Amino acid sequence: SPTPIASILTYHLGIIPTQRFLICVIVAMFATSLLSIAFASRLMFAAARDEHFIAAPLFRKISSRKVPANASIAVVIIEIIAFVFAGGLAALFAATVVLLYLAYLITVVNFARASHLLPPAQNFSLGKWGRPIAIVAALWLIAAIGILTVPKDFNLAAFAAGGVVAFGLLQS
């Protein structure tokens, strides 16, 4: 079946509950997409406003409705291009998860490297277990990133995530 979840739900619940559920899923995905566009355009605007983005004068402009329209349009165009060339939503969703895990990995590694420079914790501390737990967390995140990028079916996610990282590195 091209849509196994819908087939399973229809088999167990019937057509009407399945259709209602799928409508809720579509609405949730649409809302999430709008939220992601708003977040990305605000982030692009903020970086442009602070002169940390290419074509900053273009992307820091605000429309008469007090909206960063140029940044919003750029984000929509980038998302459409990514959707067309990434082979669909699956690669984009996987790339998003890879990038989140990468952000967590960077945070864990930086914390482990610089935890001795931080002031002593007031309320909670892992004590001598802090470093081993950070190492296990980093290994876990590396494994998760590997699971989401190494298999042949997820190679597009790896390329999409790599493209985002490369673009970010060009900005610094």
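An account of the accompanying structure is given in this report. Computed from a prediction, not measured in an experiment: that's the story for all the values here.

1. Here's the deal with a nonpolar patch on the surface
Inference 1: Residues Ile73, Val76, Ile77, Ile80, Ile81, Phe83, Val84 and Phe85 make up a contiguous nonpolar surface patch of about 780 Å² in total accessible area.
Inference 2: Position of isoleucine 81 among the secondary structure elements: in helix H4 (residues 69–85).

2. Quick notes on the packing of helix H2 (residues 15–49) against H4
Inference 1: Packing of H2 against H4 brings their axes to within 8 Å, and their N-to-C directions diverge by 125°. By the angle between their axes, H2 is oblique relative to H4. Along this stretch, H2 crosses H4, giving a crossing that reads as right-handed. Two secondary-structure elements touch here, H2 through Ser36, Ile37, Ala40, Ser41, Met44 and Phe45 and H4 through Ala71, Ser72, Ala74, Val75, Val76, Ile78 and Glu79.
Inference 2: A class-by-class count of the residues in the contact of H2 with H4 yields 9 nonpolar, 3 polar and 1 charged.

Cut-off values and rules
- Residues numbered from 1 in each chain as written.
- Predicted model: local features only at pLDDT ≥ 70, side-chain atom pairs only at ≥ 80, totals over all residues.
- Heavy atoms only, no water.
- Patch = residues over 30% accessible without salt bridge, like charges linked within 9 Å, V, L, I, M, F, W, Y side chains within 5 Å.
- Areas by Shrake-Rupley, 256 points an atom, 1.4 Å probe, with all protein chains shown as cover.
- Salt bridge = Lys/Arg side-chain N within 4 Å of Asp/Glu carboxyl O.
- Helix = DSSP H or I, 4+ residues; strand = E, 2+ residues; numbered from the N terminus.
- Axes fitted to C-alpha atoms, helices over the stretch in contact; angles between N-to-C directions.
- Parallel < 35°, antiparallel > 145°, perpendicular 65-115°, else oblique.
- Left-handed = near helix turned anticlockwise from the far one by under 90°.
- Contact = heavy atoms within 4.5 Å.
- Nonpolar A, V, L, I, M, F, W, Y, C, P; charged D, E, K, R; others polar.

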